[in-house]
Amino acid sequence: MSAEQSAGQTALLEFRKVNTHYGAVHILKDVDLAIYPGELVCLLGGNASGKTTTLKTLLGMVIPTSGEVVFDGEVVNHQPTSYRVANGVTMVPENRRLFKRLSVKENLVLGAYLRKDKDDIEADLEYVYELFPRVKERLNQKSGTLSGGEQQMVAIGRALMSRPKVLLMDEPSMGLAPALVQQNFELIQQINDEGMAIFMVEQNANMALSIADRGWVLQTGMVVLNDTAEALLANPEMRAAYLGEA
Amino acid sequence: MSASATPAWFQLDWRRVGRWGGLCALGIVLVSLIGMPVGLDRRIIIEGRLSLGYLALIWMPLLFGYLVPKRIVLEGVENPDPGIRDVLAGLCAGVLAGLGPLLLILGIDNFNLRKPLVNWSPQLLELLTFGRGIGYGVAVWFAICAVLGLVGSSMHVLPANVRRVVSFIAYGLLFISVLEAAIDDLSEGFGLESLTDAMYARRGGLTVKFSIILAVVIGVLSIVTKGRVKGAANHYKGLQGAERKRASMLLFSGVTALCIVLPMFLGMIMNELLANVGLFLLLALGLNIVVGLAGILDLGYVAFFAVGGYTTAVLTSAESPFFTPELHFGFALIVVVAMAGLTGLVIGAPVIRMRGDYLAIVTLGFGEIIRLLFMSDWLKPYFGGAQGITNVPHVDLGFAVVKGTDPRSVFYMVLVLCVLAVYVSWRLQGSRLGRAWMAIREDEQVAEAMGINTVNAKLMAFVVGAMMAAVSGAVLAAKVGSVFPNSFMILVSIIILVVVIVGGMGNIAGVLVGSFVLIGVLGGPRQPGLLQEFQSYKLLIYGALLVFMMLKRPEGLVPSARRSQELHQEEFLQDAWLKGEDHDIEEAAEAAAAVGGSEGTGDQA
């Protein structure tokens with residue numbers, strides 16, 4: 001975390017010494033995280049390292065046993081998911097998980113479920129169409145019939161419809177063909193360039209770090225590395241463990 | 001090689017022929033042994049020629065003959081060159097099917113299995129041999145099956161126009177003769193007895209002369225109307241905005257007028273039947289919200305029906321054990337709705353956090369618990385135990401009295417309530433809550449991540465569904481004049497579920513059609529339908545229909561409006577192809593022509 005950020009701005013999202021348990025199993029151990037406006041950060045880690053639990057804790061689907069989850073300076077430990085979504089986080093789920101039998105438009109509108117400002121919703125729809133012209137062509141089609149890449153666009157569009165301050169992305173490269181992974185990461189970068197803070201959970205460390213500003217590495221529930229993307233890419237430990245170099 | 005010696009038209013898919021022919025033979029044996037032919041023999045379709053009992057057997061070779069040559073439909077293009085080969089396949093399957101009657105005839109003649117198989121009877125033998133001896137019977141059955149298999153398969157070879165006319169005539173005649181009672185009833189109302197007297201023979205069934213006349217009339221009609229109906233429907237679907245609204249209003253007022261005027265010309269039986277359809281439609285609309293929209297598989301839905309019935313009985317009946325003031329039905333209805341909402345909350349709260357199968361099992365249990373509570377000795381001072389509560393008064397509306405002995409009045413009341421329920425369902429479907437329900441149905445976790453309070457939304461679905469069921473129960477109590485625990489068996493839940501599934505889940509029009517087809521034609525759990533003869537086979541038919549629908553047409557009889565309106569034809573085709581759904585050649589060809597190539601299909605493949 002660079003000095004200017006911690007001095008100048010409050011974090012949009014923050015974990016302060018967060019611990020979570022599933023029954024007796026200790027998942028996250030004293031995790032500290034912070035995401036600042038406009039950043040693209042990624043959380044890396046292998047299987048069972050606690051990546052998904054981190055996301056669930058952020059969204060309020062898992063309640064931490066100790067520590068604080070902070071949104072924009074406000075402790076939200078016991079606020080329900082709906083409150084958190086209304087206050088600026090939305091997730092693009094792993095494997096997109098669109099509402100398959102609903103139309104593309106309905107998917108998008110459901111993204112804005114908690115919002116009551118009809119005119120602004122219309123404006124945001126237009127924004128999504130502008131971002132993804134292909135989505136506009138398919139508005140009345142059932143989302144399950146779209147191709148993988150188009151589904152990804154709808155999933156991102158659906159998340160954007162809630163006007164998040166931070167977009168959470170769960171494994172955006174999962175289940176996509178290599179060419180589409182590339183395209184998908186370009187999309188993410190594009191949205192980030194427009195000023196959206198993005199928190200991305202990924203296994204594909206190389207790819208993620210190539211577009212991220214900063215990264216954390218989780219290992220069995222503990223943050224073992226926390227640095228800028230360039231530094232992580234250069235880190236020999238990192239290279240050995242996650243970047244596929246001996 | 002020997003294969004080269006056999007001519008092309010003889011190269012059949014023998015495995016397929018064997019499988020379908022064998023299945024058909026088995027089907028004939030099965031249908032015979034459940035007693036359909038003998039049981040339905042007295043119901044005549046065409047005087048002196050055909051009874052419903054024989055029809056129950058001979059539809060099978062016809063259908064299987066039709067199915068044998070059917071190839072997998074690839075991208076909407078069916079079997080490219082139907083030819084003599086297909087007809088031959090149908091013939092062979094038909095001959096194989098003849099093994100069914102053969103087995104039965106020889107079996108019944110030589111062994112006595114009446115103990116385990118009630119219908120292993122001399123009557124069945126008599127029927128199968130046409131009373132003319134075994135040799136004759138076997139020969140005739142082989143001939144019948146072969147010819148019908150041939151006719152069925154030749155449907156593929158005939159030009160589309162001829163096929164259309166033939167099937168219209170067949171369905172039309174079947175329809176007119178099977179619905180004899182209803183048509184009689186109607187014609188009496190309109191003063192057309194002389195026509196029906198000429199049409200139907202004295203002992204039932206169409207007269208031969210009139211079946212020929214009718215066949216000609218239907219044939220001509222089918223040629224005249226060709227494409228008109230579909231054209232009108234497409235025109236309606238193509239309408240936009242205000243125009244569409246006007247067309248919808250026109251359609252709606254037409255249907256309303258029909259609903260109001262028609263019962264005046266109908267007799268007791270038909271009105272009773274319509275009232276029953278309405279009662280079950282109310283139930284189905286409620287369950288449609290729970291199962292169809294919110295995706296909560298509630299198998300104990302009958303509980304709310306019972307709550308509605310009992311609340312009404314307790315509040316309005318003079319004989320209810322502990323509540324003596326007789327309230328007016330209107331007041332009772334308000335309490336009923338409130339009670340149903342409350343019960344929905346109480347049952348729903350613990351159940352709603354469960355998912356899928358678990359939820360289904362727990363609701364099944366709750367449904368039984370409620371019935372057992374009403375039946376229990378413990379609550380006898382309140383609900384009368386197994387004797388129930390009798391003497392529920394008629395509904396006095398001031399300008400009219402609704403009572404069970406006047407089914408027309410019941411129908412009108414049910415009609416009003418149904419219209420209300422349809423309106424509520426329709427509004428809910430398009431509302432924010434409706435969208436939340438659909439999101440939950442599709443993916444509960446993601447719905448939650450979108451900020452939807454899934455527990456509350458699901459509870460709301462439960463409560464709204466409960467209210468509709470309770471209103472239906474209230475009307476039932478007033479109509480029958482009494483409530484008994486045994487009117488609220490688990491079977492009611494199941495049948496309503498079947499209505500919703502067969503009609504089309506999450507689709508109001510589908511539920512309407514489902515109620516009419518299942519409750520109106522086949523009958524409810526205790527209520528007779530148009531086909532009273534099928535009374536004892538009702539559950540079997542329900543089950544078979546359910547299995548068939550789940551396999552072949554999971555979206556229901558009426559594909560949801562969403563599908564037909566919003567999907568482009570190409571996606572529809574893709575879907576159909578992915579699901580292996582069968583289509584008419586005609587329809588598929590039209591669609592293929594509209595697509596003009598297979599662009600856009602690549603994404604899915």
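Calculation criteria
Sequence order sets the numbering: in each chain, residues are counted from 1 along the sequence as written. Each chain takes a letter, starting from A, and each ligand takes a number, starting from 1, following the order in which they are written. pLDDT decides what is reported in this predicted model: residues at 70 or higher carry local features, side-chain atom pairs at 80 or more are listed and counted, and totals for whole chains, interfaces and linings draw on all residues regardless. Each residue is classified by how many other C-beta atoms fall within 10 Å of its C-beta atom, where C-beta atoms are placed from the backbone; a count of 20 or more means buried, 12 or fewer means exposed, and values in between mean partly exposed. Secondary structure elements are taken from DSSP: a helix is a run of H or I of four residues or more, a strand is a run of E of two residues or more, and numbering for both begins at the N terminus. We treat two strands as partners when DSSP finds at least two bridges between them. Either an automatic procedure or a domain database provided the assignment from which the domain bounds are taken. Residues are treated as contacting if the C-beta atoms built from their backbones sit within 7 Å of each other. Ten residues, namely Ala, Val, Leu, Ile, Met, Phe, Trp, Tyr, Cys and Pro, are considered nonpolar, four, namely Asp, Glu, Lys and Arg, are considered charged, and the remaining ones, Gly among them, are considered polar. The convention used is that axes are lines fitted to C-alpha atoms, helices contributing only their stretch in contact, and that angles between N-to-C directions extend from 0 to 180 degrees. Working rule for angles: under 35 degrees goes down as roughly parallel, over 145 as roughly antiparallel, 65 to 115 as roughly perpendicular, anything else as oblique. By convention, the crossing between two helices is left-handed when the near helix turns anticlockwise from the far helix through less than a right angle, and right-handed when the turn is clockwise.

1. Considerations on the pairing of strand β4 (residues 31-35) of chain A
Within a regular strand, side chains alternate between the sheet's two faces. All names here are of chain A. In terms of residue burial, β4 counts as a mostly covered element, since 4 of its 5 residues are buried. Two strands pair when backbone bridges link them, and strand β1 (residues 13-19) and β4 are joined in this way by 4 bridges, in the antiparallel orientation. Considered in β4, the bridge of leucine 13 is made with isoleucine 35.

2. Quick notes on the domain arrangement of chain B
All names here are of chain B. Taken domain by domain, chain B comprises domain 1 (1-157), domain 2 (160-229), domain 3 (263-506) and domain 4 (567-595). The gap between the C-alpha centroids of domain 2 and domain 3 is 38 Å. On the domain 3 side, the residues contacting the 6 residues of domain 2 number 5 residues. For the side of domain 2 that touches domain 3, the per-class residue count stands at 3 nonpolar, 1 polar and 2 charged.

3. Brief notes about the packing of helix α6 (residues 99-110) of chain B against helix α8 (residues 134-154) of chain B
Residue and element names in this part refer to chain B. Between α6 and α8, whose axes approach to 9 Å, the crossing angle comes to 165 degrees. Here α8 runs roughly antiparallel to α6, going by the angle between their axes. In the packing of α6 onto α8, the handedness of the crossing is right-handed. The residues of α8 that touch α6, namely those facing Pro101, Leu102, Ile105 and Asp109, are Ile134, Gly137, Val138 and Trp141. Tallied by class, the residues present in the contact of α6 with α8 amount to 6 nonpolar, 1 polar and 1 charged.

4. Some thoughts on the interface of chain B and chain A
Interfaces are frequently sized by the accessible area removed from exposure as the parts join. At the junction of the two partners, chain B supplies 21 residues and chain A supplies 26 residues. Examining the composition of the side of chain B that touches chain A, we find that 5 residues originate from one element, helix α21 (residues 432-442) of chain B, more than from any other. Residues that form the side of chain B that touches chain A fall into these classes: 8 nonpolar, 5 polar and 8 charged.

5. Observations concerning the packing of helix α2 (residues 14-33) of chain B against helix α5 (residues 84-97) of chain B
All names here are of chain B. Their axes nearest at 7 Å, the elements α2 and α5 cross at an angle of 35 degrees. α5 is crossed by α2, and the crossing has right-handed handedness. When α2 is examined against α5, the residues Val17, Gly18, Trp20, Gly21, Gly22, Cys24, Ala25 and Ile28 are found in contact with a partner set consisting of Ala89, Cys92, Ala93, Leu96 and Ala97. Split by residue class, the contact of α2 with α5 holds 10 nonpolar, 3 polar and no charged.

6. Some details on the sheet that holds strand β9 (residues 166-170) of chain A
All names here are of chain A. On the basis of which strands lie adjacent, the open sheet formed by 6 strands has the order β8-β9-β10-β5-β11-β12 and mixed pairing. A strand with exactly one partner marks an edge of an open sheet, and here the two such strands are β8 (89-92) and β12 (222-228). With direction set aside, neighbouring strand axes in the sheet form an average angle of 20 degrees. Sheet topology note: the strand β5 (residues 40-44)/strand β11 (residues 214-219) ladder contains 4 bridges and is parallel. Each residue of the ladder has a partner; that of cysteine 42, found in β11, is glycine 215. Here helix α7 (residues 148-160) sits on the sheet and contacts β8 and β9; the angle it forms with β8, its principal contact strand, is near 170 degrees. Packing against the sheet, helix α8 (residues 178-193) makes contact with β5, β9 and β10 (197-202), and its axis sits at approximately 155 degrees to β10.

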